[in-house]
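Results of the structural survey
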Amino acid sequence: MPDREERLAAMLDAVEAVVDTDSPRLLDLAGGTGTITLRALARFPRARVTLVDLDPALLALARASLGDRAVVLTADLARPDWPGRLPHRDYDAVLTATALHWLPAERLTELYGELRDLLRPGGLFVNADRMPDDALPTLTDRLTARARERRAARHAAGAALSWSDWWARAGTDPVLGPLVRRRHEIYPTGHSPEWNPPVSWHLGALTAAGFTEAGTLWRGGADAAVAALR
Ligand SMILES: C[S@@+](CC[C@H](N)C(=O)[O-])C[C@H]1O[C@@H](n2cnc3c(N)ncnc32)[C@H](O)[C@@H]1O
């Protein structure tokens, strides 16, 4: 994902615009290994960050790299009781990337309402993911195909590990191996359903969930980051 840093920087610029403290409460939703949390802590060293995810292998990596700089929790976003163990109910921002396409439409609609309730008034939600522009269906298909070809070429040349090769290698690691096997039980297909609605779907769902503003914060090809304010 060549423009990954760009989208994460746009996310943190938006956080900076809505907080008036140097220790914001941030929730890294489906945070995986903690890449958003690490960047958030680089920008706001005194931030109080909570990371939630369901994957035991990725959570182990997050705990190892974050140590006591963030609260790292196991939570299943598919279940409405997931906020139960969160340390705050008044987050300044909830941030997520490349993750919520794992959830079906009905559940994501409910989750948007739950996230609104976890934010303080004026708090920010940002979701960066594959989110096509409604008005550009043909170009989106072509951009997606080109990106896939470029990625395949990098994998074939050995310039980067593919998703499946990364998981295969993690599975042979003595520490991660047992956690990867547990992961495969949790996610039996090994990948998301790849349900990627356009930006308009997200903006409609965020508005219906009660956010006061919702719009596009960033776009790169077929990917976008939508932002919403409580
Ligand atoms: C592609 S990773 C992205 C991780 C991180 N946001 C990042 O950008 O590096 C997708 C993440 O969504 C998480 N995820 C998928 N379904 C989930 C669920 N039901 N509850 C919690 N996390 C989930 C996966 O475990 C994985 O860490």
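Residues numbered from 1 in each chain as written. Predicted model: local features only at pLDDT ≥ 70, side-chain atom pairs only at ≥ 80, totals over all residues. Heavy atoms only, no water.

**Quick word on the pattern of salt bridges**
Heads up, the condition is: The salt bridge definition used is simple: a Lys or Arg side-chain nitrogen within 4 Å of an Asp or Glu carboxyl oxygen. Helical segments are the DSSP runs of H or I of at least four residues, strand segments are the runs of E of at least two, and each set is numbered from the N terminus.
Applying the stated criterion across every chain yields a total of 16 salt bridges. E149 serves as the salt-bridge partner of R146, at 3.6 Å between the closest nitrogen and oxygen. Of this pair, R146 and E149 both sit in helix α5 (residues 137-156), 3 residues apart, roughly one helical turn. Several salt bridges share partner residues, and in doing so they unite D3, R7, R130 and D223 into one network.

**Structural notes on the site of the ligand**
Cut-off, in case you're wondering: Residues are counted as near a molecule or strand when any one of their heavy atoms sits within 4 Å of it. In the analysis that follows, any N or O atom pair within 3.5 Å is treated as a polar contact, provided that within protein one partner can donate a hydrogen and the other can accept it, and provided that, for residues neighboring in sequence, both atoms belong to side chains. Values of accessible area rely on a 1.4 Å probe in the Shrake-Rupley scheme; residue burial ignores everything except the protein chains shown. Polar here means any residue outside two lists: the nonpolar Ala, Val, Leu, Ile, Met, Phe, Trp, Tyr, Cys and Pro, and the charged Asp, Glu, Lys and Arg; Gly therefore counts as polar.
Taken together, 18 residues are adjacent to the ligand, and R4, T35, D53, D76 and Y187 come closest. D53 is positioned such that a nitrogen or oxygen atom in its side chain is 2.6 Å from an oxygen atom of the ligand. In this structure, a nitrogen atom belonging to the ligand sits 3.5 Å away from a main-chain N or O atom of A75. In the complex, the protein chains occlude 91% of the 590 Å² of accessible area that the ligand would expose alone. Looking at the shell around the ligand residue by residue, the classes come out as 10 nonpolar, 4 polar and 4 charged.

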